[in-house]
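Spelled out from the first residue to the last, the chains are:
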Amino acid sequence: MAKGDLIKNLVIVESPAKAKTIEKFLGSDFTVKSSYGHIRDLPKGDSAIDIKHGYQPIYIVPDDKKAVVAELKKMAKQAEHVWLASDEDREGEAISWHLAEELNLDILTTKRIVFHEITKEAIKKAIANPRIINKDLVDAQQARRVLDRLVGFELSPILWKKVKGNLSAGRVQSVAVRLIVEREREINDFNAVSSYKISALFDIDDNGKKKILKAELVKNIDTEKNAEDFLKRCVNATYTIENIENKPAKKSPSAPFTTSTLQQEASRKLGYGVSQTMIIAQKLYEAGHITYMRTDSVNLSETALLAAKVEIEKSYGPSFYQLRKFANKSASAQEAHEAIRPTYFENTSINGDNGEKRLYDLIWKRTVASQMADAQLEKTIVTLGISTTTEKLVATGEVLKFEGFLKVYLEGSDEENPDEDQAGMLPPLSVGEILSLNEMDAMQRFSRPGARYTEASLVKKLEELGIGRPSTYAPTISTVQRRGYVVKEDREGRVRKFQFLKLKDNQITIETKTENTGAEKSKLFPSDIGNVVTDFLYKHFDQIMDYNFTALVEKEFDEIAEGNLEWRKMIDEFYVPFHKTVENTSETADRVTGERILGKDPVSGKTVAVRVGRYGPLAQIGDEEDEKKQFASLRTGQSIETITLELALELFKLPRVLGIYEEKEMKVSIGRFGPYIVHNSKFYSLPKTDDPYTVDADRAIEIILVKREADANKLIKTFEERPDVQLLNGRWGAYLNIDGVNYKLPKGTEAAALSLDECLTIAANDTTPKKPSRFTKKAAKKAAPAPRKAAARKPAAKKATKKK
DNA sequence: CAGTGAGCGAGCTTCCGCTTGACTT
């Protein structure tokens, strides 16, 4: 558009991708622009809210929004009509209001339009029915904004004072951490109860084919003795089919994706973290492949419903189609958008990288399945009598009569049920038939505590509690990890014994077997600091930490939106007592370290305790007054809450001096990357098979010599003119190193034959992102006080990217 | 994928919710 041109209609939406689409629908009289979300916010400091004057918020246009606002302002001046078309929810209404204020538009007359779906009909209809800004809804947003700022910026400094610096607290994040902390404690306090599951395997002859029928006792047996008694009773018994019941069953598809369910399913089926899912979804959205990805609605537009029908009937036939309209379960949903769906159902796949293709495939299948017919099943329940006892065995089978939506998609599950067998088809059986027992087992099984959260299952829980919004789920999960409250990691399981009783050929055998239990992959664990902060906040600010706090204030926000409550009054009623507690806590509460006394050191008789120190969790021998007290850091995976006296004392056994070799001392210890030997200021990692507590001098020398040998063979080639270019042998074969940066060699390259020019070409063509260059001494020092895990994972690069 | 193995001290940190940006001629 040339300078000075008159614009007939200026429409302002939130997202630029949306602006592009809408512009196509509206024709040449309309220019559609985007505000890129909120254009104003509270400034960073303490003076953002004038508490004494009715909690008056001071708004500023942040630096990164100045250009957008300037452009919109200019265009608004040139426009005949301005239409504010931000989302129809609390935040969207506030965006329109801020725009009106900042662009000098008349609040009382400027046209406000809304649509819940980006379709031509919806937009035309919106244009035909403008309203004005709803100031009550805006006030509800102001109350939300002010409350969050007051809570966050008054609680966080108390943590700096009473726990340590750089911590944070807030309405959403602190509750998210509490969920993780409490789940971990439930797991630690859990006492597994065991019982015995009885399964009988029968040999069946299915027209000459040998098959096995598995039947089970419906209720497990409580003790080993009773299980054995049961098997004893079955010696020489006959087993008769007493009843066969067939009954139809059906499965129905799930609703189309919202942000939360997309994150869950991408986690279960593709193994993506919630941020990863959102980044990929954003790309799909920007490319026009899917509708908006931050939504809490399960609704599909009429256009989408029709397109799904066409696609299903074309690809699978009319019998597979069923119109379905889903209702939202979550009361906190604001439904400003459609569900997440493919923009064009006829695109069964898209161009893009692997992640984009897989996520699109998931979205396509989920959406299409949601408009498909039920799957029809036939369930068969076979009851078997035992001649020697009144108890019954039951076998169940399932046959799929009509696939329906299962042709396309089956939702994943969070439940891990290793004991549950997939019910399949049963062999032909008849009532009165006598079956021959192959064997009967009684297997000891254990009850299990609630599962640890994954990123996605935590999002699910937060959504159930009405805490957080689609746009904040992923950032919240990142925040609690960045602050070091929560770590996402894998944990190895432990070996557990269980009893296995078997009746075969009328003989009973009892065997003790072992299984691995409790192994975790990408699960969220609380850190010690997460525990300490949660306990502190819960003790002094139970209101904020209450799982219902958000739901309660949301009710009040709704009242404000309906015009039945004045927002300043609502905030005042919350803030006055809250602030009093803040002041009181700040003055009187003790510093907290989460200290736990473990007992006495058997050698010195001194007290052994664990607590959070300046650099993280530590163990200490000797009281505060003790001048010769000793310290040792806890290891990764150890926790103040669960560590035992024995394990804490172990920490003081390292470093151990192993002896002298080549006139230098050999010392063994455990570092960030596991056990190592240090000798002549060189480090040698201990192989997994060696134990740092028992390894001896002879073995240490061996390890040193093996490493020297490897190092001697490491160098393949160097070049006189460029000493910084080296071809080296690594654990995975030859690689190229130039000035400390590693490059992969193309497959099949003979490393020793490469010339310097060829090496430089390989380096120049290598587009894989390289790690930031090695820390300088200074940078390494700076990174030191960061939380243990975070320091190991994220080098100092974080700050630089943020500033930009 | 490749290597790695911290620790003296001042001033700063922080919320939740919208949305994607990107030095020049």
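Computed from a prediction, not measured in an experiment: that's the story for all the values here.

About the thresholds
Residues numbered from 1 in each chain as written. Chains lettered and ligands numbered in written order. Predicted model: local features only at pLDDT ≥ 70, side-chain atom pairs only at ≥ 80, totals over all residues. Heavy atoms only, no water. Helix = DSSP H or I, 4+ residues; strand = E, 2+ residues; numbered from the N terminus. Contact = heavy atoms within 4.5 Å. Areas by Shrake-Rupley, 256 points an atom, 1.4 Å probe, with all protein chains shown as cover. Lys, Arg positive; Asp, Glu negative; His and termini not counted. Charge placed at Lys NZ, Arg CZ, Asp CG, Glu CD. Buried < 20%, exposed > 50% of the residue type's maximum accessible area, 1.4 Å probe, protein only. Pairing = 2+ DSSP bridges. Axes fitted to C-alpha atoms, helices over the stretch in contact; angles between N-to-C directions. Phe/Tyr/Trp six-rings, centres within 6.5 Å; stacked < 30°, edge-to-face > 60°. Lys NZ or Arg CZ within 6 Å of the ring centre and 35° of its normal. Salt bridge = Lys/Arg side-chain N within 4 Å of Asp/Glu carboxyl O. Polar contact = N/O pair within 3.5 Å; in protein donor to acceptor, adjacent residues only side chain to side chain. Expected span 1.5 Å × (residues − 1). Arc of directions from axis to C-beta.

### A short note on the overall build of chain A
If you tally the helices and strands in chain A, you get 23 helices and 28 strands. C-alpha extents for chain A along the principal axes are approximately 95 × 85 × 70 Å. The long-range fraction of contacts in chain A, counting pairs at least 24 apart against all pairs at least 6 apart in sequence, stands at 68%. With the model as given, the accessible surface of chain A reaches about 43,400 Å², and the carbon-plus-sulfur share is 51%. A gap of 4 Å separates the mean positions of the 126 positive and 119 negative side-chain charges of chain A.

### Overview of the environment of Tyr196
One can find Tyr196 in strand β7 (residues 194-206). Under the relative-accessibility criterion, Tyr196 is labelled buried at 3%. Along the backbone, Tyr196 and Thr694 are 498 residues apart, and their C-alpha atoms lie at a distance of 40 Å. Among all residues touching Tyr196, those that are not within four sequence positions of it are Asn220, Ile221, Asp222, Thr223, Glu224, Ala227, Ala442, Met443, Gln444, Gln499 and Leu501.

### Looking at the sheet that holds strand β1 (residues 7-13)
Within the open sheet, the four strands sit side by side as β2-β1-β5-β6. Their pairing is parallel. Because the sheet does not close on itself, it has two edges, and the strands there are β2 (30-34) and β6 (111-112). Where β1 lies against strand β5 (residues 79-84), five bridges are found, and the strand directions are parallel. Each residue of the ladder has a partner; that of Asn9, found in β5, is His81. Contacting β1 and β2, helix α1 (residues 16-26) runs over the sheet at an angle of about 170° to β2.

### Details of unusual backbone geometry
Positive phi, close to 55°, is recorded for Tyr36, a residue that is not glycine. Here Tyr36 lies in the loop between β2 and β3 (49-50). Owing to a relative accessible area of 46%, Tyr36 belongs among the partly exposed residues under this scheme. Despite not being glycine, Glu663 has its phi angle at roughly 65°, a positive value. In this structure, Glu663 sits in the loop between β21 (656-661) and β22 (664-671).

### Points about the packing of aromatic side chains
For any pair of aromatic rings, the description consists of the separation of the ring centres together with the inter-plane angle of the planes. Within this structure, the stated rule accounts for eleven aromatic pairs. On the basis of an interplanar angle of 80° and a centroid distance of 6.2 Å, the ring pair of Tyr59 and Trp97 is categorised as edge-to-face. With a gap of 38 residues between them, Tyr59 in the loop between β4 (56-57) and α2 (66-78) and Trp97 in helix α3 (residues 90-102) connect regions that are remote in the sequence. For the pair shown, Tyr59 and Trp97 are each scored as buried. Pairwise contacts between aromatic rings join Phe541, Phe549, Phe574 and Phe578 into one cluster. Seen from the ring of Trp97, Arg40 lies directly overhead, with NZ or CZ sitting 5.8 Å from the centre. The ring of Tyr409 is capped by Lys269, whose NZ or CZ atom sits 4.1 Å from the centre of that ring.

### A word on the pattern of salt bridges
Following the criterion strictly, the structure yields 55 salt bridges and no others. Across the salt bridge formed by Glu554 and Arg90, the nearest N and O atoms sit 2.9 Å from each other. Placement of Glu554 in helix α16 (residues 549-561) and of Arg90 in helix α3 is noted, with a sequence separation of 464 residues between them. Residues Glu554 and Arg90 agree in their burial class; the two are buried. One salt bridge in this structure joins Lys325 and Glu302, with 3.3 Å as the shortest N-O distance. Placement of Lys325 in the loop between α10 (302-315) and α11 (354-369) and of Glu302 in helix α10 is noted, with a sequence separation of 23 residues between them. Exposure class is identical for Lys325 and Glu302. Each is exposed.

### Here's the deal with the side chain of Ser168
In this fold, Ser168 is placed in the loop between α5 (135-162) and α6 (173-189). At 2.8 Å, the side chain of Ser168 and the side chain of Gln173 are in polar contact. Discounting residues that sit within four places of it in the chain, Ser168 has contacts with Ser156, Leu159, Gln173, Arg483 and Tyr485.

### Regarding the pairing of β5
Looking at chain direction, β5 and β6 are connected through two bridges and run parallel. The partner of Trp83 across the bridge, within β6, is Lys111.

### What about α10?
Under the 1.5 Å per step criterion, the end-to-end length of α10 is 20 Å for 14 residues, consistent within 8% with the ideal 20 Å. The set of residues buried in α10 consists of Ala304, Leu305, Ala308, Glu311 and Ile312. Projected onto a plane normal to the axis of α10, the buried residues spread over an arc of 130° and lie on a single side. Of the residues in α10, the exposed ones pointing more than 90 degrees away from the buried face are Glu302, Leu306, Val310 and Lys314. Looking at the buried side of α10, the elements it contacts are α11. Phi turns positive, to about 100°, at Gly317, one or two residues after α10.

### Thoughts on the environment of Pro687
Turning to its location among the elements, Pro687 is positioned in the loop between β24 (682-685) and α19 (697-712). Take Pro687: its relative accessible area is 31%, and that puts it in the partly exposed class. Between the alpha carbons of Pro687 and Ser527 there is a distance of 28 Å; along the sequence they are 160 residues apart. Those residues within four positions of Pro687 in sequence are excluded, and the remaining contacts are Arg699 and Ile703.

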